Amino acid sequence: MAAKKQEKSGPKKRKQIPGTKSETYSSTSKKPKFLDSKPSNHRSNDFKKPSKPFKQREPGLDNEKQVPLSKREGRLRAKELAESRKKKRKRHYNLEQELAHLWEKMRRRNISKEERSKLVSEAVEKMKGKIPEIACSHVSSRVLQTCVKYCSQAEKDAIFDELQPHLLTLACNTYAVHLVTKMLDNASKKQLAGFISSLRGHVASLLRHMVGSVVVEHAYQLGNATQKQELLVELYSTELQLFKDLVSKKEGRLLDIISKLDLQKSSVLRHMTSVIQPILEKGIIDHSIIHRVLIEYFTIAEKFSATDVIKQLSGPLLVRMIHTRDGSRVGMLCVKHGSAKERKKVIKGMKAHVRDIALDQRGSMVLVCLLSVVDDTKLITKVVIHELQENLKDLVLDKNGRRPLLQLLHPNGSRYFTLDDLASLSLSIPSLSNKVESDTQSETKSSEVNRSGEEASSDLEVIVDEANTNDDDLHLVEGGKKDPSIRRQELLVKSGLAERLVDICTENAGELLRSNFGKDVIYEVATGGDGGILHPILDEKLNALYEAIASLVAEPKSEESKEESKEEHILENFHSSRTIRKLILDCPTFASTLWNKALKGKCELWAQGHRP
């Protein structure tokens with residue numbers, strides 16, 4: 001019984017027909033039957049897929065003459081291929097070793113030019129014909145870079161000619177990208193123009209690539225105005241991508257191009273959105289060409305599109321792009337038109353980077369815009385003002401670092417900000433400008449400048465009228481609902497920044513007065529700031545500053561020659577003498593302190609010099 005149960009429960013075995021394997025299968029088999037069990041020279045048509053690989057087809061033979069390889073021949077063929085690959089790897093390894101040995105010699109500092117030139121020529125000769133392959137190697141590519149750096153112009157041209165058909169492929173390689181940028185640095189005008197022309201049709205795809213975008217940016221920086229425009233217009237429209245000569249150099253702005261070529265604005269906007277969105281999603285926003293595209297995009301963007309881009313940029317991404325002129329302007333537009341939530345993200349993204357941003361020429365203007373627009377003074381004090389206080393002396397003596405301080409002491413002073421800076425502060429996005437106007441409590445002179453600028457030019461840039469540039473009370477920045485004077489009082493005085501600033505000026509009065517940049521800060525502090533914002537709260541500390549300056553003036557005049565004396569007297573120095581003169585004219589309290597403590601009874605002595 002147990003045996004019967006086991007038979008029933010076990011799997012059924014297929015009934016095999018006795019005989020050899022080549023005999024006909026039973027009817028239960030799924031495999032096709034072969035009528036003849038004996039081996040035959042005739043091949044059946046039912047055999048669709050060969051069981052053995054065919055030999056490589058020789059030229060001039062038909063398919064019927066192709067004979068399948070036997071197992072032995074297949075193994076021999078595989079062995080031959082493996083050995084050939086092994087030999088190829090060995091030759092490549094040997095070449096790498098030879099090149100590395102030459103590289104160790106040629107990159108030494110204590111080597112003569114003749115010997116280095118000889119080693120470079122030897123290495124270039126060994127690499128000839130294999131340069132594209134070597135450029136992608138993490139070892140040999142460094143040797144090639146050194147050779148390009150030190151080789152002759154003829155050798156550079158030979159390397160460039162060999163690499164030229166492969167430059168687009170190499171531009172996306174992690175190791176070869178350094179060689180490509182070095183080749184572009186050493187390329188002639190004709191070679192650079194040829195490379196930029198070869199980028200046509202690939203600019204958008206390369207900008208989406210982390211490595212390839214570096215090459216496009218490098219070519220953009222090296223190119224002239226026409227070549228830069230050639231790279232840019234491809235990102236504007238498909239028509240401009242297909243037809244190269246539609247745009248001339250005169251039509252540099254996107255709105256000018258649209259009006260001249262009668263392009264559909266919606267089509268251009270759609271194409272630019274498809275180009276920009278993948279770049280923003282990948283976070284590739286460090287390059288100036290992308291910043292320029294964003295500026296042009298804002299000129300035609302609809303309200304929803306512009307708001308969406310501002311949302312994507314608000315945060316740490318924005319900090320990475322404010323080091324260029326256009327990137328700084330994009331940052332100011334995001335601050336100006338962003339919501340309270342987005343401004344908060346921007347400020348928090350700057351945490352621990354405020355000092356570096358303030359010392360940067362373009363980044364400092366974004367801080368100036370923040371201090372002039374954002375109403376959340378508590379958050380700005382916590383993040384921005386506190387970091388400024390920690391590095392206050394360095395910022396006061398720096399050309400760019402003093403800008404946020406001067407903006408609080410004397411907002412938008414044409415003495416401290418150039419026309420380009422003031423124009424940057426007055427930028428606005430056309431589709432969102434109505435929002436700014438509704439948020440502003442009252443119109444200022446900047447609104448008139450903005451309206452006239454928008455009518456005269458299609459670009460975001462506003463040309464400031466020469467008659468208004470001498471007006472120190474220009475308030476070009478809009479966007480906040482809080483009264484500018486109240487915002488300024490909270491950021492400068494209530495935050496404790498002004499008190500710390502006066503202390504720094506008192507402790508380092510001599511150094512600041514003699515400094516080309518520090519003299520402006522100490523002058524604004526000593527006069528109490530625009531509108532007397534430091535009076536009367538800090539009058540006692542200001543009196544201490546006046547006495548510190550007067551004590552420096554009261555020091556005896558040095559009789560030593562300028563070469564022997566370590567420091568010029570405060571009244572003989574170029575910067576300090578002029579700053580003190582301005583303080584006497586603009587600050588009566590300082591003039592009185594200076595007379596009583598330093599100049600009274602010494603007029604005859606100082607009247608002999610030309611500066612006092």
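Position numbers for residues count from 1 along each chain, tracking the sequence in the order it is written. Thresholds applied to this predicted model are a pLDDT of at least 70 for local features of residues and 80 or more for the giving and counting of side-chain atom pairs; totals over whole chains, interfaces and linings are not thresholded and use all residues. Working from all heavy atoms in the structure, the side-chain values ignore hydrogens and water.

Points about the overall build of the protein
Point 1. Each helix and strand in the protein was counted, giving 36 helices and zero strands.
Point 2. Relative to its 612 residues, the protein shows a buried fraction of 45%.
Point 3. Throughout, a contact is declared for two residues whenever any of their heavy atoms are within 4.5 Å. Here the contacts in the protein between residues at least 6 apart in sequence split such that 70% fall between residues at least 24 apart.
Point 4. In the form shown here, the protein has an accessible surface area of approximately 34600 Å², with 50% of it arising from carbon and sulfur atoms. Secondary structure elements are taken from DSSP: a helix is a run of H or I of four residues or more, a strand is a run of E of two residues or more, and numbering for both begins at the N terminus. The buried label goes to any residue with under 20% of its type's maximum accessible area, the exposed label to any with over 50%, and the partly exposed label to all in between, with areas taken from a 1.4 Å probe on protein chains only. Surface exposure here means Shrake-Rupley accessible area, sampled with a 1.4 Å probe, where a residue is shielded only by the protein chains that are shown.

Thoughts on the side chain of Ser515
Point 1. Checked against the element boundaries, Ser515 lands in the loop between α31 (509-514) and α32 (518-526).
Point 2. Of note is the side chain of Ser515, whose polar atom sits 3.3 Å from the backbone nitrogen of Phe517.
Point 3. Not counting residues up to four positions away in its chain, the partners in contact with Ser515 are Leu397 and His575. Think of a polar contact as two N or O atoms within 3.5 Å of one another; within protein, one of them needs to be a possible hydrogen donor and the other a possible acceptor, and neighboring residues in sequence only count if both atoms come from side chains.

Examining the packing of α32 against helix α34 (residues 574-586)
Angle between the axes and distance between the axes: these two values describe a pair of packed helices.
Point 1. For every element, the axis is a line fit to its C-alpha atoms; helices are fit only across the contacting stretch, and the angle between N-to-C directions ranges from 0 to 180 degrees. The geometry of α32 relative to α34 is characterised by a closest axis approach of 10 Å and an angle of 20° between their N-to-C directions. With respect to each other, α32 and α34 are oriented roughly parallel. The element α32 and its partner α34 pack so that their crossing is right-handed. Of α34, the residues touching α32 (which contributes Lys519, Ile522, Tyr523 and Ala526) are His575, Thr579, Lys582, Leu583 and Asp586. Comment on the angle field: the value is read as roughly parallel under 35 degrees, roughly antiparallel over 145, roughly perpendicular from 65 to 115, and oblique elsewhere. Helix crossings are classified by the rotation of the near helix relative to the far one: an anticlockwise turn of less than a right angle makes the crossing left-handed, while a clockwise turn makes it right-handed.

Quick word on the pattern of salt bridges
Point 1. Here, a salt bridge means any side-chain nitrogen of Lys or Arg that lies within 4 Å of a carboxyl oxygen of Asp or Glu. Applying the stated rule across the entire model yields 18 salt bridges.
Point 2. Asp520 is paired through a salt bridge with Arg402; the nearest N and O atoms lie 2.5 Å apart. Note that Asp520 is positioned in helix α32 and Arg402 in the loop between α24 (392-396) and α25 (403-409), a separation of 118 residues in sequence. For the pair Asp520 and Arg402, a shared accessibility class is recorded, and that class is buried.
Point 3. With a closest N to O distance of 3.4 Å, Lys519 and Asp520 form a salt bridge.

Remarks on helix α33 (residues 539-553)
Point 1. The terminal C-alpha atoms of α33, which comprises 15 residues, lie 21 Å apart, in line with the 21 Å expected from a rise of 1.5 Å per residue.
Point 2. For α33, the full list of buried residues reads Leu542, Leu545, Tyr546, Ala548, Ile549, Ala550, Leu552 and Val553.
Point 3. In this fold, the buried residues of α33 make contact with α30 (497-507), α31, α32, α34, α35 (588-599) and α36 (603-606). The span expected for a helix works out to 1.5 Å for each residue beyond the first.

Looking at the environment of Lys303
Point 1. Locating Lys303 in the fold gives a position in helix α17 (residues 303-313).
Point 2. Residue classification places Lys303 among the exposed positions, given a relative accessible area of 52%.
Point 3. Placed 127 residues apart in sequence, Lys303 and Pro430 show a C-alpha to C-alpha distance of 8.8 Å.
Point 4. In contact with Lys303, other than residues within four places in its own chain, are Ser431 and Leu432.

Some words on the nonpolar core
Point 1. In these notes, a set of buried Ala, Val, Leu, Ile, Met, Phe, Trp, Tyr and Cys residues joined through side-chain atoms within 4.5 Å is what counts as a nonpolar core. If you look at the biggest cluster of nonpolar residues, it comprises 159 residues, and the most contacted ones within it are Val525 and Leu534.
Point 2. Ignoring sequence-local partners within four residues, the contact set of Leu534 consists of Leu409, Leu492, Val493, Ala498, Val525, Gly528, Gly529, Asp539 and Leu542.

Considering helix α29 (residues 484-494)
Point 1. Listed as buried for α29 are Arg487, Arg488, Glu490, Leu491, Leu492 and Val493.
Point 2. Gly496 sits one or two positions beyond α29 and adopts a positive phi of about 90°.

Examining unusual backbone geometry
Point 1. Here the residue pair His535 and Pro536 is connected by a cis peptide bond, since its omega of -5° sits within 30 degrees of zero.
Point 2. For Pro536, the position within the fold is in the loop between α32 and α33.
Point 3. One non-glycine residue, Asp262, lies in the positive phi region at around 55°.
Point 4. Within the secondary structure, Asp262 is located in the loop between α14 (254-261) and α15 (265-282).

As for the confidence of the model for the protein
Point 1. Confidence in the prediction for the protein averages 81 pLDDT; 76% of positions are at 70 or higher.
Point 2. The predictor rates its confidence in each residue with pLDDT, a number between 0 and 100. Here residues 1-9 scores under 50 on pLDDT; set against residues more than four positions off or in separate chains, the count is zero contacts.
Point 3. Between residues 461-478, whose pLDDT stays under 50, and residues either more than four places distant or in other chains, the model counts 53 contacts.

Structural notes on the packing of aromatic side chains
Point 1. Two aromatic rings, drawn from Phe, Tyr or Trp (for Trp, its six-membered ring), form a pair once their centres lie within 6.5 Å of each other, and the interplanar angle then sorts them: stacked below 30 degrees, edge-to-face above 60, tilted otherwise. Under the definition given, this model contains two aromatic pairs.
Point 2. Here Tyr297 and Phe298 contribute two aromatic rings whose centre-to-centre distance is 6.5 Å and whose plane-to-plane angle is 55°, an arrangement assigned as tilted. No difference in accessibility class separates Tyr297 from Phe298, as the two residues are buried.
Point 3. Here the aromatic rings of Tyr546 and Phe590 are separated by 5.7 Å at their centres, their planes lie at 65°, and the arrangement is edge-to-face.

Comments concerning the side chain of Gln191
Point 1. In this structure, Gln191 sits in helix α9 (residues 189-198).
Point 2. The exposure class of Gln191 is buried, given its relative accessible area of 14%.
Point 3. A distance of 3.2 Å separates the side chain of Gln191 from the side chain of Asp157, its partner in a polar contact.

With respect to the packing of α33 against α35
Point 1. Two numbers describe how α33 lies on α35: the axes approach to 9 Å, and their chain directions differ by 40°. Between α33 and α35, the angle is such that the two are oblique. For the pair α33 and α35, the sense of crossing is right-handed. Only Thr589, Phe590, Thr593, Leu594, Lys597, Ala598 and Leu599 of α35 make contact with α33, whose side of the interface consists of Asn543, Tyr546, Glu547, Ile549, Ala550, Ser551 and Val553.

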